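Observations on the model geometry
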Amino acid sequence: MLSGRRLDLLDPTPVDVEVEDIAHGLAFVARWNGQTSGDYPYSVAEHSLLVEEIFGRLVPEAPDRWRLAALLHDAPEYVIGDMISPVKAAVGPGYGELDERLAAAIHLRFGLPAALPKTVKAKIKRADRVSAWLEAVQIAGFSEDEANRFFGRPKESVVENLRIVLRPPVNVRRAYTDRITELIAQV
C-alpha cells in the first residue's frame, strides 16, 4: 500500500489497514466499469459517501458507528476493485469469501464488529440500492422506469435534493478521508 503497509489479501489483519490507503484506492476505482457520463469517473469513494448519507436519511436514529459501517460498506474494493454483479457471480464464492475477510479486518481496525448485525447490514444494503437507483438515472443512462425495475423506486423523501456531481479523485479522496475521520472521532 502507499502507506508502506503490506496487506496479505488471504489473511488480512486490522493492523495493516490505513484510512489513507482506503480513501486513495476507493477514489481511483470507478463504479459502473467507468460507463458513466461526466468528465471524471464515478468512484467507489464517492458512492460510499452517498450511501452513508442515504443511510442517515433512512435510519436517522442510527448511531455513528453504523454510519461508519455504511461508509465502509465497499471498503474491501480499495484492494480488490469493483466488479459488476454478473462478474461477481461468475467468479463464484471465492470473491465473497475474500471480500468478507477484508471487511472483517477493516471493521476491526475501526472498532466495529468483524461481522455486522444482520439488521444493520440489511439497512446498509437498502441505502446501497437507493444509491444505485440514483446513479443509474443521473449518470449511467437509465430511464427511471428501467432503474425502477432493477433497483426499486426509492421514496422521494429519501432522494430529495441528492445530486451526483463528479469530482476529481483527489477531491473525493479528501472528502472520504475527512468523513471517515469525523465519524471515527464520534464513535
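Here, every reference points to the structure presented above.
Scope of this entry: the structure provided in the associated data block. (Residues numbered from 1 in each chain as written. Predicted model: local features only at pLDDT ≥ 70, side-chain atom pairs only at ≥ 80, totals over all residues. Heavy atoms only, no water.)

As for the overall build of the protein chain
The secondary structure content of the protein chain amounts to 10 helices and 0 strands. Taken from N to C terminus, the helices and strands of the protein chain fall in the order α-α-α-α-α-α-α-α-α-α. Over its C-alpha trace the protein chain gives a radius of gyration of 16 Å, about what one expects of a compact globule, namely 16 Å for 187 residues. Summarising its shape, the C-alpha atoms of the protein chain cover approximately 45 × 35 × 35 Å along the three principal directions. Looking at the protein chain as a whole, 47% of its 187 residues qualify as buried. Entry remark: accessible area of the protein chain is about 9,600 Å², with carbon and sulfur atoms responsible for 53%. (Helix = DSSP H or I, 4+ residues; strand = E, 2+ residues; numbered from the N terminus. Rg over C-alpha atoms; globule rule 2.2 N^0.38 Å. Buried < 20%, exposed > 50% of the residue type's maximum accessible area, 1.4 Å probe, protein only. Areas by Shrake-Rupley, 256 points an atom, 1.4 Å probe, with all protein chains shown as cover.)

Considering helix 6 (residues 93-109)
Under the 1.5 Å per step criterion, the end-to-end length of helix 6 is 25 Å for 17 residues, consistent within 8% with the ideal 24 Å. Listing the buried residues of helix 6 in full gives Tyr-95, Leu-98, Leu-102, Ala-103, Ala-104, Ala-105, Ile-106 and His-107. Buried residues in helix 6 make contact with helix 1 (19-27), helix 4 (77-80) and helix 5 (85-91). Of the residues flanking the end of helix 6, it is Gly-111, one or two places downstream, whose phi is positive at about 80°. (Expected span 1.5 Å × (residues − 1). Contact = heavy atoms within 4.5 Å.)

Digging into unusual backbone geometry
Its identity as a non-glycine residue notwithstanding, Trp-32 has a phi of 60°, on the positive side. In this structure, Trp-32 sits in the loop between helix 1 and helix 2 (44-58). On the accessibility criterion, Trp-32 (18% relative accessible area) is buried. In this structure, Asn-161 is a non-glycine residue whose phi angle is positive, near 65°. Tracing the sequence through the fold places Asn-161 in the loop between helix 9 (156-159) and helix 10 (169-186). According to the relative accessible area criterion, Asn-161 is exposed, its value standing at 66%.

Notes on the pattern of salt bridges
Per the counting criterion, the structure on display carries 10 salt bridges. Glu-18 is the partner of Arg-109 in a salt bridge, and the nearest nitrogen-oxygen pair spans 3.9 Å. Residue Arg-109 is found in helix 6, and its partner Glu-18 is found in the segment before helix 1; the two are separated by 91 residues along the sequence. The salt bridge involving Glu-52 is made with Arg-67; its shortest N-O contact spans 2.6 Å. You can see Glu-52 sitting in helix 2 and its partner Arg-67 sitting in helix 3 (residues 64-71), a full 15 residues away along the chain. For the pair shown, Glu-52 and Arg-67 are each scored as buried. A network of salt bridges, in which partner residues are shared, links Glu-52, Arg-67, Arg-179 and Glu-182. (Salt bridge = Lys/Arg side-chain N within 4 Å of Asp/Glu carboxyl O.)

Digging into the packing of helix 2 against helix 7 (residues 118-138)
Here helix 2 crosses helix 7 at 120°, and the two axes come no closer than 8 Å. Considered as vectors, helix 2 and helix 7 are oriented oblique to each other. As for how helix 2 packs across helix 7, the hand of that crossing is right-handed. Residues His-47, Leu-50, Val-51, Ile-54, Phe-55 and Leu-58 of helix 2 pack against Val-120, Lys-123, Ile-124, Arg-126, Ala-127, Asp-128, Val-130, Ser-131, Leu-134 and Glu-135 of helix 7. Split by residue class, the contact of helix 2 with helix 7 holds 10 nonpolar, 2 polar and 4 charged. (Axes fitted to C-alpha atoms, helices over the stretch in contact; angles between N-to-C directions. Parallel < 35°, antiparallel > 145°, perpendicular 65-115°, else oblique. Left-handed = near helix turned anticlockwise from the far one by under 90°. Nonpolar A, V, L, I, M, F, W, Y, C, P; charged D, E, K, R; others polar.)

Focus on the environment of Leu-162
For Leu-162, the position within the fold is in the loop between helix 9 and helix 10. Leu-162 sits in the buried class, given a relative accessible area of 6%. Along the sequence, Leu-162 and Ser-131 sit 31 residues apart, while their C-alpha atoms lie 9.7 Å from each other.

Any functional reading would require information that these geometric values do not contain.
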